[in-house]
Amino acid sequence: MILKKILKICFITFASLIMFSCNVTVKETYFTEHLDSVDSLIARAQYEHAEMALKGLERKAVSPYHQMGIVKRYINMFDFENARRYLSKLVKKNPDDEKFTAVYVWTLLKLGKTDTANKFAENLKNTDYSGLYAQASLIKFADELSPEADENTRKVAYIKADLQNEYLSAYKVSNQVKFLQNAAIYECVSGNLQDAFSYHPIKLPNDRSAEFWTLISYDSGNYLQAINDANVIGEKNPALKAKSYVISGDSYLRMNEVSLARSMWDRAFELDELTDPNLLMNYSLSYLESGDYEDALKYTKKAVNTFPDYFPSLSLYCKFAISDSLVENESSLSRELRKRGLRSQDMIKKDSREKIQISDAIHRMEKSYERTLNPEVQIELLKLKWASEYNLSKNQMIVDVWGLLEKYFANEQSGDNRILDFAIEFFMQQDKYDEARMLLSKRLINEFGDDDCIAHIQDLSYDECRMFAALKHHDKLDESAKMLLEQCLKTGAIVNDDVYINLGSFAESEGRYQEAMNFYSLVINRSLNVTTKADLYYRLAMISLRNDDVKDARSYLDYALKLNPTHSDASLMQKKIRQQD
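Owing to the predicted nature of the structure, the values given are computational and were not obtained by experimental measurement.

Draft legend 1. Spotlight on the overall build of the chain. Within the chain one finds 32 helices and zero strands. Taking all 581 residues of the chain together, the buried fraction comes to 43%. In the chain, once contacts between residues fewer than 6 apart in sequence are set aside, the share between residues at least 24 apart is 51%. Surface exposure of the chain reaches about 32700 Å², of which carbon and sulfur atoms provide 52%.

Draft legend 2. Representation of the environment of aspartate 497. In this structure, aspartate 497 sits in helix α28 (residues 497–509). Along the backbone, aspartate 497 and valine 523 are 26 residues apart, and their C-alpha atoms lie at a distance of 5.9 Å. Setting aside anything within four residues of it in sequence, one finds aspartate 497 in contact with Val523, Arg526 and Ser527.

Draft legend 3. Local environment of the pattern of salt bridges. Inspection of the entire model under this criterion finds 20 salt bridges. The shortest N-O distance in the salt bridge between arginine 364 and aspartate 360 comes to 3.4 Å. Residue arginine 364 and its partner aspartate 360 are both found in helix α21 (residues 358–372); the two are separated by four residues, about one turn of the helix. The exposure class assigned to arginine 364 is partly exposed, which follows from its relative accessible area of 21%. Judged by relative accessible area, which is 26%, aspartate 360 ranks as partly exposed. Among the salt bridges present, the one from arginine 418 reaches glutamate 376, with a minimum N-O distance of 3.4 Å. Here glutamate 376 lies in helix α22 (residues 375–388) and arginine 418 lies in helix α24 (residues 418–429), a separation of 42 residues in the sequence.

Draft legend 4. Representation of the side chain of serine 286 within the structure. Within the secondary structure, serine 286 sits in helix α16 (residues 277–289). The class of serine 286 is buried, set by a relative accessible area of 3%.

Draft legend 5. Molecular detail of α24. Spanning 12 residues, α24 covers 16 Å between terminal C-alpha atoms, matching the ideal 16 Å at 1.5 Å per step. Counting buried positions along α24 yields nine of 12 residues, so the element is predominantly enclosed. Against the buried residues of α24 lie α22, α23 (394–410), α25 (433–448) and α26 (462–474). Two residues or fewer after α24 comes aspartate 431, characterised by a positive phi angle close to 60°.

Draft legend 6. Region of interest: the environment of asparagine 222. By the secondary structure assignment, asparagine 222 is in the loop between α12 (207–219) and α13 (223–236). With 25 residues separating them along the chain, asparagine 222 and phenylalanine 197 place their C-alpha atoms 8.4 Å apart. Apart from the residues lying within four places of it in its own chain, the contact partners of asparagine 222 are Gln194, Phe197 and Ser217.

Draft legend 7. View of the nonpolar core. Within the largest apolar cluster, 64 residues are counted, with the highest numbers of intra-cluster contacts made by Val401, Leu405, Ile424, Phe427 and Val499. It is α24 that contributes the most residues to this core, eight residues altogether. Residue contacts for valine 499: discarding those within four places in its chain leaves Tyr462, Arg466, Leu485, Cys488 and Leu489. Listed in part, the 37 residues of the second largest apolar core include Ile227, Ala296, Phe320 and Ile356.

Draft legend 8. Broad picture of the packing of helix α14 (residues 241–254) against helix α15 (residues 258–271). Interhelical geometry of α14 versus α15 gives an angle of 165° and a closest axis separation of 7 Å. For the element pair α14 / α15, the angle class is roughly antiparallel. Judged by the sense of rotation from one axis to the other, the crossing of α14 with α15 is left-handed. Contacts from Lys241, Ala242, Tyr245, Val246, Ser248, Gly249, Asp250, Tyr252 and Leu253 of α14 reach α15 at Val258, Leu260, Ala261, Met264, Trp265, Arg267, Ala268 and Leu271. Looking at side-chain class alone, the contact of α14 with α15 contains 12 nonpolar, two polar and three charged residues.

Draft legend 9. Geometry of unusual backbone geometry. One non-glycine residue, alanine 45, lies in positive phi territory at about 65°. On the basis of relative accessible area, alanine 45 is assigned to the partly exposed category, the value being 46%. With a phi angle near 55°, leucine 373 is a residue other than glycine that sits in the positive phi range. Positionally, leucine 373 belongs in the loop between α21 and α22.

Draft legend 10. Highlighting the packing of aromatic side chains. For the structure shown, the criterion picks out 16 aromatic pairs. Aromatic pair phenylalanine 212 and tryptophan 213: ring centres 5.0 Å apart, planes at 90°, arrangement edge-to-face. By relative accessible area, tryptophan 213 is classed as buried at 0%. Just above the ring of phenylalanine 409 sits the side chain of lysine 442; from NZ or CZ to the centre is 5.2 Å.

Draft legend 11. Highlighting the side chain of threonine 214. Here threonine 214 shows up in helix α12. A residue is classified by how much of its surface remains accessible, and threonine 214, at 1% relative accessible area, is buried. Discounting residues that sit within four places of it in the chain, threonine 214 has contacts with Ala226, Asp229, Ala230, Ile233 and Ile247.

Draft legend 12. Representation of a positive patch on the surface. On the surface, a cluster of positive charge is contributed by Arg59, Lys60, Lys89 and Lys93. Along the chain, the position of lysine 93 falls in helix α4 (residues 80–93).

Draft legend 13. The arrangement of the environment of aspartate 421 in detail. Among the structural elements, aspartate 421 can be located in helix α24. C-alpha separation for the pair aspartate 421 and glutamate 464, spaced 43 residues apart in sequence, amounts to 8.6 Å. With sequence-adjacent residues up to four places away left out, aspartate 421 is seen in contact with Arg443, Asp463 and Met467. Reaching out from aspartate 421, the side chain makes a polar contact with the side chain of arginine 443 at a distance of 2.2 Å.

Draft legend 14. A look at α15. For α15, with 14 residues, the first-to-last C-alpha span of 20 Å sits near the 20 Å given by 1.5 Å per residue. If you check which residues of α15 are buried, you get Ala261, Arg262, Met264, Trp265 and Ala268. For α15, the angular spread of the buried residues around the axis is 160°, confining them to a single face. Set apart from the buried face of α15 by more than 90 degrees, the exposed residues are Ser259 and Glu270. Tucked inside the fold, the buried residues of α15 contact α14 and α16.

Reading the values: the criteria
Residues numbered from 1 in each chain as written. Predicted model: local features only at pLDDT ≥ 70, side-chain atom pairs only at ≥ 80, totals over all residues. Heavy atoms only, no water. Helix = DSSP H or I, 4+ residues; strand = E, 2+ residues; numbered from the N terminus. Buried < 20%, exposed > 50% of the residue type's maximum accessible area, 1.4 Å probe, protein only. Contact = heavy atoms within 4.5 Å. Areas by Shrake-Rupley, 256 points an atom, 1.4 Å probe, with all protein chains shown as cover. Salt bridge = Lys/Arg side-chain N within 4 Å of Asp/Glu carboxyl O. Expected span 1.5 Å × (residues − 1). Core = buried A, V, L, I, M, F, W, Y, C linked by side-chain atoms within 4.5 Å. Axes fitted to C-alpha atoms, helices over the stretch in contact; angles between N-to-C directions. Parallel < 35°, antiparallel > 145°, perpendicular 65-115°, else oblique. Left-handed = near helix turned anticlockwise from the far one by under 90°. Nonpolar A, V, L, I, M, F, W, Y, C, P; charged D, E, K, R; others polar. Phe/Tyr/Trp six-rings, centres within 6.5 Å; stacked < 30°, edge-to-face > 60°. Lys NZ or Arg CZ within 6 Å of the ring centre and 35° of its normal. Patch = residues over 30% accessible without salt bridge, like charges linked within 9 Å, V, L, I, M, F, W, Y side chains within 5 Å. Lys, Arg positive; Asp, Glu negative; His and termini not counted. Charge placed at Lys NZ, Arg CZ, Asp CG, Glu CD. Polar contact = N/O pair within 3.5 Å; in protein donor to acceptor, adjacent residues only side chain to side chain. Arc of directions from axis to C-beta.

Encoded structure:
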């Protein structure tokens, strides 16, 4: 009897399990069949019937799989409003379900409900759906910008905003290189070009992306990568082949591979000699660097004839004219030889070569100014005037600069400070720091209402930071000078060598030798001025000696003397080291 009861209980239990299993199977089959019916209605564009069917299924859907299946079909019909309505219920019931939250945020963004999307997107930080959080944040930021804001205002706003992490998250999810580029721009603006280069993608999707990363590679001193990136530019867009050759040539020049650089430029020139005025300038500068005056002049003349308003070539043309204009520009030894009726081989060669007349340079500059009203041309014209006047005094030069400033203030153009900057730099070179300080203070007062550069350091331009740093250093306010130089790195995508050198000097004086060596090495890698490079190699040698690294010191001194055999300090130090050996 007891055995029968036990068997009956087991049978009932087993039967219940079977019924439950069958019930689940029936429900699964029920949902699958009804969802298939909905798919059929959607395929025939019977959206109203599909919507009614889905709403009927909402109350019967229990598993997340079925619930998401309903959401998916609303989205397939582009019925984002019903998707949002149903998802809001699901998210409320399942607040910790990342998948529901992610689809809900995506749907809200589709409907333009940015504020609500951002509220829920906060829960997606540091999850597999962090890209949606990034997208919501970026869209909200864009929406908050004034519709009347011009392109430049928008760019400044994006740079000032802290959106780098959002761009990186967006890239991780989408794998779109454009987000990586936006993240890298923040490093460029901060002067961290090596950090910007660290974001370099493995594959470049198009020629615009390749061009961006080529410039990052080049400016950060990664010239081999710049050459590889430049090749991608030409491969992605054959019309830009000549441009890619120019960039490759520039990179080879930075690596002191002059013959390879010229071969790249030759290829560009064969494709299109009008492709870029920089191409002709590069020829000129490379020949000038190697002491080949004739070829340097040939390409400079071609540049000014082909691109008469391209200021860099005009400026170089004027430098040729100034260099050859007066005997006084020669060394004291050369002048003494001339007095005695003698000439060295170099002097004979110089006398026999073609020369640019000051009058010709002035004529070209005047015509260019008529066409462009470029203030830099005014500055160059003043330099030509000084070169053409015999026994010109410093006082007369100062008078001329004040005359140029008078015209500038009378016809001041908003935002164009090139003449003012030239005057400030000129006065500092003449040790007229009071005049320079007065002009720079006037500039700051016009912008901010006072001349406290440190109080406004975050808003100063690159040139303002650099010039104020020079004034503070002259006034022996080195801490302020250093702050301003550091700000230069944050405000200038292209930083002058002297900023890095001065920062290196501060680091060296404070005992931060490795930091100083990094700054000096950066300038050595990017500078084409052999005198500057020799001086910096000497500084590296001195730091190495302080660190008891005699081997590196010897190498640095060898480099310095190879670049500048007349470097007396390097020569003296080399002799001392040999004596100690």
